Amino acid sequence: MPQPTCIVKSCQEATNTVLHFDGNGQWLAACLIHLGIEQKQAIYMVSQFLDVSPDSVEVFDKRPDEGLTLFVCPNCASKAQFPPPASFGMPVPVIGQP
């Protein structure tokens with residue numbers, strides 16, 4: 001099984017670290033954008049995760065407390081000023097909606 005890569009498109013480094021985002025679709029998209037993912041791509045990714053149309057308002061307010069865990073390398077997480085990712089087997093830091 002190949003090692004996962006960082007979700008940040010410009011990075012794509014192999015990593016086994018993850019970040020967990022918790023909140024509504026708007027929050028999840030904002031977290032992805034903060035990682036450097038283009039807005040349209042972030043909305044598309046969240047819509048796929050929530051199983052709704054990317055053009056639907058449901059992307060932003062369906063299921064208010066969703067959790068999304070993504071592979072993010074420590075370098076990209078620090079650039080975005082997120083807490084350090086957790087390695088396999090460690091507790092995951094949650095970046096939650098205020």
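Thresholds applied
Residues numbered from 1 in each chain as written. Predicted model: local features only at pLDDT ≥ 70, side-chain atom pairs only at ≥ 80, totals over all residues. Heavy atoms only, no water. Core = buried A, V, L, I, M, F, W, Y, C linked by side-chain atoms within 4.5 Å. Buried < 20%, exposed > 50% of the residue type's maximum accessible area, 1.4 Å probe, protein only. Helix = DSSP H or I, 4+ residues; strand = E, 2+ residues; numbered from the N terminus. Contact = heavy atoms within 4.5 Å.

The biggest cluster of nonpolar side chains holds 25 residues, and the ones touching the most others in it are C6, L19, F21, L35, V72, C76 and F82. Of all the secondary structure elements, the ones that give two or more residues to this core are β1 (18-23), α1 (25-34), α2 (39-50), β2 (66-71) and α4 (74-79).

Further remarks concern unusual backbone geometry. Within the chain, D51 stands out as a residue other than glycine whose phi angle is a positive 60°. Relative to the helices and strands, D51 is located in the loop between α2 and α3 (58-61). The phi torsion at Q81 lies on the positive side, around 60°, for a residue other than glycine. Topologically, Q81 is positioned in the loop between α4 and β3 (94-96). The exposed category is assigned to Q81, whose relative accessible area is 71%.

A few words now on the environment of L70. Along the polypeptide, L70 turns up in strand β2. Along the sequence, L70 and T17 sit 53 residues apart, while their C-alpha atoms lie 8.4 Å from each other. Here L70 is in contact with I7, T17, V18, L19, F21 and L32, once residues within four sequence places are set aside.

Structural measurements only, silent on function.
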